[in-house]
Amino acid sequence: MLIPSIDLQGGRIVQLVQGERLALETTDVDGWIERFTGYSKVQLIDLDAAKNAGANEALIATICARLPCRVGGGIRTPERAQALVALGASGVILASSLFKGGAVDLEFARRVSEAVTPDRFIAAVDSRSGHVVVDGWRTMLDLTPTE
């Protein structure tokens, strides 16, 4: 199954290569919605929220109203996960916040799963050079994705 992704930053749709180099930037939200209409799932990632540099909630609500989006980026509390579902997200994607002290934080994962229901909870693991990376690809953990 192909699941397209839309990344948001500064009120725009962007594409960053491994969280760093800007490869695409546009304000053509309608064009991207049209491009992904027909897909059963779309990933919508708020890079500002992931980097603790703001949020793109109005844009998230607009896109989720027109596409079946699973939303990620900056979900650090069960309440934030619930707020994204209230904005229209069909699910929430957690990545960096699933790790604490260099290990998987199973208790936090359980709390978020209970807050939004298990069928709306998606765990994501970003990796580079065989290691888990967190904090917007800025911190490499001494942990492999399979661990």
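Keep in mind that what you see is a predicted model, and the values were worked out from it rather than measured.

Draft legend 1. Main features of helix α5 (residues 106-116). Within the sequence span of α5, burial applies to Phe108, Ala109, Val112, Ser113 and Val116. End-on, the buried residues of α5 take up no more than an arc of 135°, which puts them together on one face. What points out from α5, more than 90 degrees from its buried face, is the exposed set Leu106 and Glu114. Buried residues belonging to α5 abut α4 (78-86), β6 (91-94) and β9 (121-123). Thr117 sits one or two residues past α5 and shows a positive phi near 80°.

Draft legend 2. Just the sheet that holds strand β12 (residues 139-140), in detail. Within the open sheet, the three strands sit side by side as β10-β11-β12. Their pairing is antiparallel. In this open sheet, the two edge strands, each paired with only one partner strand, are β10 (127-128) and β12. Taken together, the two bridges between strand β11 (residues 131-134) and β12 define a ladder with antiparallel strand orientation. When the sheet's bridge partners are listed, Val133 is paired in β12 with Met140.

Draft legend 3. Up close: the packing of aromatic side chains. Across all of its chains, the model carries two aromatic pairs by this definition. When the ring of Phe36 is compared with that of Tyr39, the centres are 5.8 Å apart and the planes differ by 80°; the resulting orientation is edge-to-face. On the accessibility criterion, Phe36 (8% relative accessible area) is buried. Take Tyr39: its relative accessible area is 30%, and that puts it in the partly exposed class. One cation-aromatic arrangement involves Arg35 over Trp32; the distance from NZ or CZ to the ring centre is 4.3 Å.

Draft legend 4. Broad picture of unusual backbone geometry. Although it is not a glycine, Asn52 sits at a positive phi angle of roughly 55°. When you line up the elements, Asn52 lands in the loop between α2 (47-50) and α3 (57-64). Taking the relative accessible area as the measure of exposure, Asn52 reaches 63% and is therefore exposed.

Thresholds applied
- Residues numbered from 1 in each chain as written.
- Predicted model: local features only at pLDDT ≥ 70, side-chain atom pairs only at ≥ 80, totals over all residues.
- Heavy atoms only, no water.
- Buried < 20%, exposed > 50% of the residue type's maximum accessible area, 1.4 Å probe, protein only.
- Helix = DSSP H or I, 4+ residues; strand = E, 2+ residues; numbered from the N terminus.
- Arc of directions from axis to C-beta.
- Contact = heavy atoms within 4.5 Å.
- Pairing = 2+ DSSP bridges.
- Phe/Tyr/Trp six-rings, centres within 6.5 Å; stacked < 30°, edge-to-face > 60°.
- Lys NZ or Arg CZ within 6 Å of the ring centre and 35° of its normal.

In short, shape yes, function no, at least from these values alone.
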